[in-house]
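Chain by chain, the residues:
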Amino acid sequence: EAFVHPYNKKSWYYQMYIKTKRTVFLAVIFTPCAVLYGLCEWTNSEDWRGYWLRLLVQTVELSGCSFQKFAQWCSMRPDMFSP
């Protein structure tokens, strides 16, 4: 018998609940970063930018390993994401 992940054995509404819960969680933790980024761009303040970078690191750590790997990949691509 082929392996079936336990998540796939759950009902469709339970799977939708988990996906919605994760989406809302990510939206809640990334919204302050997006708002603060706008403030940093608007004011050109180095103090706000430093606070935003610390908040961004904490948010990426909280969001999970996939986001951490994506952030590591982004940090190695100066041609796509300028410092």
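Residues numbered from 1 in each chain as written. Predicted model: local features only at pLDDT ≥ 70, side-chain atom pairs only at ≥ 80, totals over all residues. Heavy atoms only, no water.

Some thoughts on the packing of aromatic side chains
To be explicit about the condition: Working definition: a ring pair exists when centres of Phe, Tyr or Trp rings (six-membered ring for Trp) sit within 6.5 Å. Plane angles under 30 degrees give stacked, over 60 give edge-to-face, the rest tilted. In DSSP terms, a helix is any run of H or I states spanning at least four residues, a strand is any run of E spanning at least two, and both are numbered starting from the N terminus.
Summed over the entire model, instances satisfying the criterion amount to six aromatic pairs. Relative to F67, the ring of F30 lies with its centre 5.6 Å away and its plane at 40 degrees, an arrangement referred to as tilted. Within this pair, whereas F30 is found in helix α2 (residues 12-43), its partner F67 is found in helix α4 (residues 65-75), the two being separated by 37 residues in sequence. Aromatic side chains W48 and Y51 sit 6.3 Å apart centroid to centroid with 80 degrees between the ring planes, which places their arrangement in the edge-to-face category. Pair noted here: W48 and Y51 are both in helix α3 (residues 46-63), with a separation of three residues, about one helical turn.

A few points about the environment of T23
Inclusion rule: Polar contacts here mean pairs of N or O atoms no more than 3.5 Å apart (in protein, one a potential hydrogen donor and the other a potential acceptor; neighbouring residues in sequence count only if both atoms are side-chain atoms).
With respect to the secondary-structure elements, T23 resides in helix α2. With 45 residues separating them in the primary sequence, T23 and Q68 have C-alpha atoms 17 Å apart. At a separation of 2.8 Å, a polar atom in the side chain of T23 contacts the main-chain carbonyl oxygen of K19.

Structural notes on the environment of Q15
Just so we agree on the cut-off: Working definition: with a 1.4 Å probe on protein chains only, accessible area under 20% of the residue-type maximum means buried, over 50% means exposed, and in between means partly exposed.
By secondary structure assignment, the location of Q15 is in helix α2. Using a relative accessible area of 16% as the deciding quantity, one classes Q15 as buried. For Q15 and F70, which are 55 residues apart along the polypeptide, the C-alpha to C-alpha distance reads 24 Å.

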